[in-house]
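Residue strings, one per chain:
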Amino acid sequence: MGMDANGKTKRLSPAISLSLSDHQLSPSGLAFRGHREDESSLNKGNFLDILSWYVERCDKIRDLVLKKAPKNDQLTSHKIQKDIIIACKIETVKAIMDDLNGDFFALLVDESCDCYDGASNMQGDLRGLKTLIQQESKSAYSIHCFAHQLQLTLVAVSKKCLEVGELVLLVSNILNIVGGSFKRMDDLRESQAEKVQEALDMGELETGRGLNQELGLARAADTCWDSHYKSFKNFISMFGSIIDVLDTIVVDARTLEERAKAKGYLSSCQTFEVAFMLHLMRDVLGITNELNTSLQKKEQNIENAILLVEVAKRRLQKLREEEWDSLIDKVSAFCVKYNILIPNFDDLYVNSRRSRRKVADYTILHHYRVDIFFKIIDWQVQELNARFNEVTTNLLVGVACLNRVDSFSSFDINKILRMAELYPDDFSENITVTLKNQLETYIVDVRDVDKKFSNLQGLVDLFETLVKTKKHLNYPFVFRLVKFALLLPVATATVERTFSAMKLIKSELRNQMNDEFMSSCLVPYVERKIFNTISDETIMNTFQEMKTHRGQL
C-alpha cells in the first residue's frame with residue numbers, strides 16, 4: 001500500500017503485478033483467458049495462472065490480490081484484461097510516434113481473411129484503405145510485395161478460369177491421397193525408379209551426374225508461386241507412377257470412401273483436358289519462374305526485376321502467337337504415351353459439366369485454343385500489367401538508382417527525377433531544378449571523392465553514412481529521396497513474414513476478436529522490442545486514466 005499526494009491510499013504493488021503478467025504474455029503472443037476461470041478449473045488461462053504463480057513468490061502483494069482483494073475490485077475480469085492490453089498498445093504506439101518525431105513513415109498493412117474481404121478493404125477504389133490514405137496525402141503510394149503480386153496473378157486467373165481452378169484442386173487432392181501413407185510413398189518411388197530404368201534402357205533418357213534424380217510430390221502453397229510450377233512439372237514427370245499408385249488404391253484401400261475417391265481421381269486425370277491444362281500451366285508458370293526467383297532474393301536488383309516483368313510479358317505474348325502447335329504436339333505425345341483419348345478437334349465441343357443436350361455451336365479446337373489458351377495467357381498479361389504498373393515501376397527503379405550497390409552502377413539522374421515527380425508535395429518544380437544540381441554534385445562526391453562511401457552494402461548503410469559525414473546537410477533533397485526509398489521495403493517478400501504474427505495472436509482461444517482487441521494484442525507482440533522498454537508504472541498510469549475504476553491505483 002502507498003499514499004498519493006493527497007493522502008489517499010494507493011494499491012500500487014498489486015497493479016504493477018497485473019502489468020507484469022501482461023508483460024510476460026504480450027511479447028509472446030499468448031492468450032490471456034482460459035475456457036473456465038472458476039476455482040475448480042485446472043486451466044484458468046495464462047493471465048490468472050501467471051498472476052497466481054507471482055503471488056506465491058512475492059510477499060508484498062500476497063495479501064492484496066486475487067482472493068485477498070475486494071470481490072468487486074480484483075482487477076482480473078475480462079474487461080480489465082482488455083483495458084490493460086489496450087493501455088500497452090497506447091504506450092507502444094506513443095513510443096513509436098515519439099521516435100518518428102514528425103518524420104516520414106510507411107505503413108505495412110495486411111488483412112485477416114476470415115473477417116474481411118481483403119481486396120475491397122485494402123485496394124477498393126471508393127472506400128478502400130489505400131484510397132482513404134491517398135485522399136489525405138498525394139504522396140502516399142500503395143506498393144504490394146512484388147513476389148506476392150506475382151502469386152496473386154495466378155489466384156486471379158484461377159478465379160476467372162474454371163479449368164485452372166479445377167486443375168489446382170485436382171492435383172492437390174491427388175497428391176494428398178497418393179502421399180497419404182509411407183507405403184504409398186514407397187510404391188510411388190518404386191514405380192518411378194522402374195519407369196526411369198525403362199526409359200534409360202530404351203534410350204529416352206541420358207545418364208550422368210545429377211540427372212534422373214528422384215522427384216518428390218511438390219505440393220502447391222497458396223503464397224508461394226514456384227510451388228505451383230514445381231507441382232505441375234513434377235506431376236507431369238511422375239504421371240505414370242501416380243496412375244499406378246491410384247490404381248493400387250482403387251483395389252487395396254481399406255475403406256470404400258478411399259477407393260471411390262481414387263477411382264474418381266484416376267478417371268479425371270486420364271483425360272485430354274487435364275493433360276492439356278497441365279502442360280499449358282507448366283509452360284505459363286515456367287515463363288514467370290525466373291521473375292519469381294529474382295523477386296524472392298533478399299538483395300534483389302529491383303531494376304533487373306522490372307525488366308524481367310517485361311521479359312515475362314513478351315514471352316507470354318510469344319507463347320500466344322507462335323507456340324500453339326508445339327503445345328498441342330507435346331500434349332498429344334503425352335496422351336499417346338499414357339493411352340489417353342485425343343479428341344477430334346473438328347467435332348463440336350460438348351461440355352461434360354452440363355447437360356449433353358446442350359451441344360455447343362463451336363468446335364473442340366475453338367474451345368481449347370480460344371476459350372482456354374488465349375484467355376489464360378491474356379488474363380495473365382492483364383494481371384501483370386495491372387499489378388506492375390507505371391507508378392510502381394518508376395518508384396522502384398528510382399530506388400534501385402539510389403542504391404550504393406556496385407559503386408552506384410545503377411545511378412541515373414533522369415530516373416531518379418521521375419521518382420521525385422511522384423511526390424509533388426515534397427518536390428515542387430523549383431525544388432526539382434535544385435535536386436538535379438544536387439544529384440550531379442552528389443554522385444561525383446560519394447562515388448569518386450569520399451572513400452567512406454566505397455564499401456557500403458545498401459540503402460541503410462548509405463543513409464547512416466550520409467548522417468555521420470554530415471552530407472545529409474549538403475544534399476538535403478537527395479537525402480529526402482533516400483528516406484523515401486527506405487520507406488518502400490515492400491518490393492521484397494521479407495516484410496510479409498511480419499504478418500505471420502496474426503496466426504499466433506488469432507488462435508483457437510481468441511477466435512472471436514474485435515478490431516480493437518486484435519490490434520491491441522498485435523502491436524505489443526510485433527513491436528516487442530519497443531514494448532519491453534516501457535515501464536510497468538507507465539502502463540498502469542495509462543490504464544488508470546482510460547476510465548474511472550472502483551479503486552485508485
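Residues numbered from 1 in each chain as written. Predicted model: local features only at pLDDT ≥ 70, side-chain atom pairs only at ≥ 80, totals over all residues. Heavy atoms only, no water.

Visitor: How do you make sense of the overall build of the protein chain when you look at a structure like this?
Guide: For the protein chain, the count of helices and strands is 28 helices and two strands. For the protein chain, the proportion of contacts with a sequence separation of at least 24, taken over those separated by at least 6, is 68%. If you sum the accessible surface of the protein chain, you get close to 30800 Å²; carbon and sulfur atoms cover 50% of it. (Helix = DSSP H or I, 4+ residues; strand = E, 2+ residues; numbered from the N terminus. Contact = heavy atoms within 4.5 Å. Areas by Shrake-Rupley, 256 points an atom, 1.4 Å probe, with all protein chains shown as cover.)

Visitor: So what exactly am I meant to see when it comes to the environment of K415 here?
Guide: Topologically, K415 is positioned in helix 20 (residues 413-421). Since its relative accessible area comes to 24%, K415 is described here as partly exposed. Placed 13 residues apart in sequence, K415 and L402 show a C-alpha to C-alpha distance of 9.7 Å. (Buried < 20%, exposed > 50% of the residue type's maximum accessible area, 1.4 Å probe, protein only.)

Visitor: Before we go on, may I ask you to explain unusual backbone geometry in this structure?
Guide: What is expected of a backbone is that most residues other than glycine have negative phi and most peptide bonds are trans. Positive phi outside glycine occurs at N339, with the angle close to 55°. With respect to the helices and strands, N339 occurs in the loop between helix 16 (324-337) and helix 17 (364-387). N339 sits in the exposed class, given a relative accessible area of 74%.

Visitor: I'm lost on helix 21 (residues 429-449) in this one. Help?
Guide: In an α-helix there are 3.6 residues to a turn, and that puts residues three or four apart on one side. Compared with the 30 Å implied by 1.5 Å per residue over 21 residues, the 29 Å span of helix 21 between its first and last C-alpha is a close match. Those residues of helix 21 lying buried are T432, L435, Q438, L439, Y442, I443, D445 and V446. (Expected span 1.5 Å × (residues − 1).)

Visitor: What is the right way to look at the pattern of salt bridges in this model?
Guide: Charged atoms that come close allow side chains of opposite charge to pair. All chains considered together, the criterion is met by 11 salt bridges. With a shortest N-O distance of 2.8 Å, K483 and D103 are connected by a salt bridge. Linking K483 in helix 24 (residues 476-486) with D103 in the loop between helix 4 (78-100) and helix 5 (118-123), this pair joins segments that are 380 residues apart in sequence. Judged by relative accessible area, which is 32%, D103 ranks as partly exposed. E310 is the partner of K313 in a salt bridge, and the nearest nitrogen-oxygen pair spans 3.7 Å. (Salt bridge = Lys/Arg side-chain N within 4 Å of Asp/Glu carboxyl O.)

Visitor: Where do I start with helix 17 in this structure?
Guide: Over its 24 residues, helix 17 runs 33 Å from end to end, which matches the ideal 34 Å to within 8%, given 1.5 Å per residue. Roughly 30° is the biggest bend found in helix 17, and it falls at K375. (Bend = angle between axes of the 7 residues up to and from the residue.)

Visitor: How should the environment of R418 be read in this particular structure?
Guide: By secondary structure assignment, the location of R418 is in helix 20. The exposure class assigned to R418 is partly exposed, which follows from its relative accessible area of 38%. On a C-alpha basis, the gap between R418 and L395 in space is 8.0 Å, while along the polypeptide they are 23 residues apart.

Visitor: I keep staring at the nonpolar core and nothing clicks. Help me out?
Guide: One recurring pattern in soluble globular proteins is that nonpolar side chains are buried together. One finds I174, I242, L246, F276, F373 and I376 to be the most contacted residues of the largest nonpolar core, which totals 65 residues. Going through the elements one at a time, helix 8 (162-178), helix 10 (225-237), helix 11 (239-252), helix 12 (256-269), helix 13 (272-287), helix 15 (302-322), helix 16 and helix 17 are the ones with two or more residues in this core. The biggest single contributor to this core is helix 13, with 11 residues. Once you skip the residues sitting within four places of it in the chain, L246 turns out to touch I174, I177, V178, A262, Y265, L266 and C269. Among the nonpolar cores identified, the runner-up in size contains 35 residues, and I413, I443, V446 and L456 belong to it. (Core = buried A, V, L, I, M, F, W, Y, C linked by side-chain atoms within 4.5 Å.)

Visitor: Help me understand the packing of aromatic side chains, please; the structure alone is not making it clear to me.
Guide: For any two aromatic rings, the description comes down to two numbers: the centre-to-centre distance and the angle of the planes. By the definition in use, this model includes 19 aromatic pairs. Of the aromatic side chains, those joined through ring pairs into one cluster are F272, F276, W324, F345, Y368, F373 and F374. The cationic tip of R320 hangs over the ring face of F374; the distance from NZ or CZ to the ring centre is 4.2 Å. The ring of F427 is capped by R480, whose NZ or CZ atom sits 5.6 Å from the centre of that ring. (Phe/Tyr/Trp six-rings, centres within 6.5 Å; stacked < 30°, edge-to-face > 60°. Lys NZ or Arg CZ within 6 Å of the ring centre and 35° of its normal.)

Visitor: Before we go on, may I ask you to explain a nonpolar patch on the surface in this structure?
Guide: Residues F105, L107, L129 and I133 make up a contiguous nonpolar surface patch of about 360 Å² in total accessible area. In this fold, L107 is placed in the loop between helix 4 and helix 5. The class of L107 is exposed, set by a relative accessible area of 55%. (Patch = residues over 30% accessible without salt bridge, like charges linked within 9 Å, V, L, I, M, F, W, Y side chains within 5 Å.)

Visitor: For this particular structure, what's the right way to read the packing of helix 8 against helix 11?
Guide: Axis angle and axis distance: for two packed helices, these are the angle between their axes and the distance between the axes, and together they describe the pair. The contact between helix 8 and helix 11 brings their axes to 10 Å, and the two run at 65°. Crossing handedness for the pair helix 8 and helix 11: left-handed. Contacts between helix 8 and helix 11 involve I174, L175, I177 and V178 on the former and, on the latter, I242, V245, L246 and I249. Residue classes in the contact of helix 8 with helix 11 are distributed as eight nonpolar, no polar and no charged. (Axes fitted to C-alpha atoms, helices over the stretch in contact; angles between N-to-C directions. Left-handed = near helix turned anticlockwise from the far one by under 90°. Nonpolar A, V, L, I, M, F, W, Y, C, P; charged D, E, K, R; others polar.)

Visitor: What is the right way to look at the environment of I90 in this model?
Guide: On the secondary structure map, I90 appears in helix 4. Residues I90 and I539, 449 residues apart in the sequence, show an inter-C-alpha distance of 8.6 Å.

Visitor: Would you explain the confidence of the model for the protein chain in this entry?
Guide: Close inspection of predicted coordinates is inappropriate in any region flagged by low pLDDT. Averaged over the protein chain, the pLDDT score is 74; the fraction of residues at 70 or greater is 63%. Confidence drops under pLDDT 50 across residues 490-494; counting only partners more than four residues distant or on other chains, this segment forms 18 contacts. (pLDDT = per-residue confidence, 0-100.)

Visitor: When you look at the packing of helix 20 against helix 24 in this model, what are you seeing that I'm missing?
Guide: Two elements in contact, helix 20 and helix 24, have axes whose closest approach is 11 Å; the angle formed by their N-to-C orientations is 75°. In terms of orientation, helix 20 and helix 24 fall into the roughly perpendicular class. Of the residues in helix 24, those touching helix 20 at I416, M419 and A420 are L481, F484 and A485. Here the contact of helix 20 with helix 24 is built from residues that sort into six nonpolar, no polar and no charged. (Parallel < 35°, antiparallel > 145°, perpendicular 65-115°, else oblique.)

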